[in-house]
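What the coordinates show
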Amino acid sequence: NAGVTQTPKFRILKIGQSMTLQCAQDMNHNYMYWYRQDPGMGLKLIYYSVGAGITDKGEVPNGYNVSRSTTEDFPLRLELAAPSQTSVYFCASSYGGNQPQHFGDGTRLSIL
Amino acid sequence: GENVEQHPSTLSVQEGDSAVIKCTYSDSASNYFPWYKQELGKRPQLIIDIRSNVGEKKDQRIAVTLNKTAKHFSLHITETQPEDSAVYFCAALNQAGTALIFGKGTTLSVSS
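First things first, this report covers the structure right here in the doc.

What counts and what doesn't
Residues numbered from 1 in each chain as written. Chains lettered and ligands numbered in written order. Predicted model: local features only at pLDDT ≥ 70, side-chain atom pairs only at ≥ 80, totals over all residues. Heavy atoms only, no water. Helix = DSSP H or I, 4+ residues; strand = E, 2+ residues; numbered from the N terminus. Buried < 20%, exposed > 50% of the residue type's maximum accessible area, 1.4 Å probe, protein only. Polar contact = N/O pair within 3.5 Å; in protein donor to acceptor, adjacent residues only side chain to side chain. Disulfide = S-S within 2.5 Å. 1 Å grid on protein atoms, 1.4 Å probe; cavity = no way out; pocket = protein on both sides within 12 Å on 5 of 7 lines; lining within 4 Å. Points joined across faces, edges and corners; volume = space filled by probe spheres on them. Nonpolar A, V, L, I, M, F, W, Y, C, P; charged D, E, K, R; others polar.

Some details on unusual backbone geometry
The residue after Thr7(A), namely Pro8(A), is reached through a cis peptide bond having omega -5 degrees. Position of Pro8(A) relative to the elements: it lies in the loop between strand 1 (4-7) and strand 2 (10-13). Put simply, His7(B) and Pro8(B) share a cis peptide bond, and its omega is -5 degrees. When you line up the elements, Pro8(B) lands in the loop between strand 1 (4-7) and strand 2 (10-14). Although it is not a glycine, Lys71(B) sits at a positive phi angle of roughly 55 degrees. By secondary structure assignment, the location of Lys71(B) is in the loop between strand 7 (62-67) and strand 8 (72-77). A positive phi angle, close to 45 degrees, is found at Glu79(B), a residue other than glycine. With respect to the element layout, Glu79(B) can be found in the loop between strand 8 and strand 9 (86-93).

Now the structure itself:
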């Protein structure tokens, strides 16, 4: 049972480039989340999804886009990368909002 | 807006002592309160959670208490060990019941 799988683990981007962070879960969870964690800081919610075809903004959605075409996958798209988006990105999933969230190992992204 | 305050931001204890971390939340409709532990460079992992229909929950050396009237909940770790050193995050479920609002974290250091 792989749980929540995030790819890539590390990435360096140049300013203005675009990329997609992948997240997949094999637990048949309906809810999926994307967070960013800046060094020494807490978790900030970027986007979340309560099921396939449904997405909603979190606290810091600007500069990001998401899609949820299947239950398993929840990719995060960065368009026109900026240095302020340098962070560690965590994907998580759960059966419901009031159920434990399971986190992936994170993607460490640097934008130079 | 919905908010979770967490204190203290750092906590240093001697091995064998107890540690207490406190959180307050703003939305009286919140009914789910998990605690996550994040070791350096790792993903957050759930250590204990509590729902609004109970006042206290224990799991070996870890306990969580909830006071709904005062809108605060606390994490208690007894007989601390060096491996308890980590960042601890509290969270509360948002009013819509769809996402967690995280505190900013407490860095716990246990010295032997």
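Regarding the side chain of Gln25(A)
All names here are of chain A. By the element assignment, Gln-25 lies in strand 3 (residues 19-25). When its relative accessible area of 3% is taken as the criterion, Gln-25 is described as buried. At 3.0 Å, the side chain of Gln-25 forms a polar contact with the backbone nitrogen of Met-27.

Thoughts on the state of the cysteines
All names here are of chain A. Inspection of every chain in the model, using the stated rule, returns two disulfides over all chains. Residue Cys-23 pairs covalently with Cys-91 via a disulfide, S to S 1.9 Å. Here Cys-23 and Cys-91 share a disulfide; its torsion about the S-S bond, -70 degrees, makes the bridge left-handed. Placement of the pair is Cys-23 in strand 3 and Cys-91 in strand 9 (residues 87-94), with a sequence separation of 68 residues. The buried category is assigned to Cys-23, whose relative accessible area is 2%. Overall, the relative accessible area of 0% leaves Cys-91 in the buried class.

Overview of the layout of surface pockets
Put simply, the largest pocket is a space of about 630 Å³. Elements with a contribution of two residues or more to the lining of the largest pocket: strand 5 (43-51) of chain A together with strand 1 and strand 10 (100-102) of chain B. For the lining of the largest pocket, a count of residues per class yields eleven nonpolar, eleven polar and five charged. Size it by volume and the second largest pocket reaches roughly 400 Å³. Breaking the lining of the second largest pocket down by element, the ones donating at least two residues are strand 9 of chain A together with strand 9 and strand 11 (106-111) of chain B.

So yeah, pure geometry; function would need other evidence.
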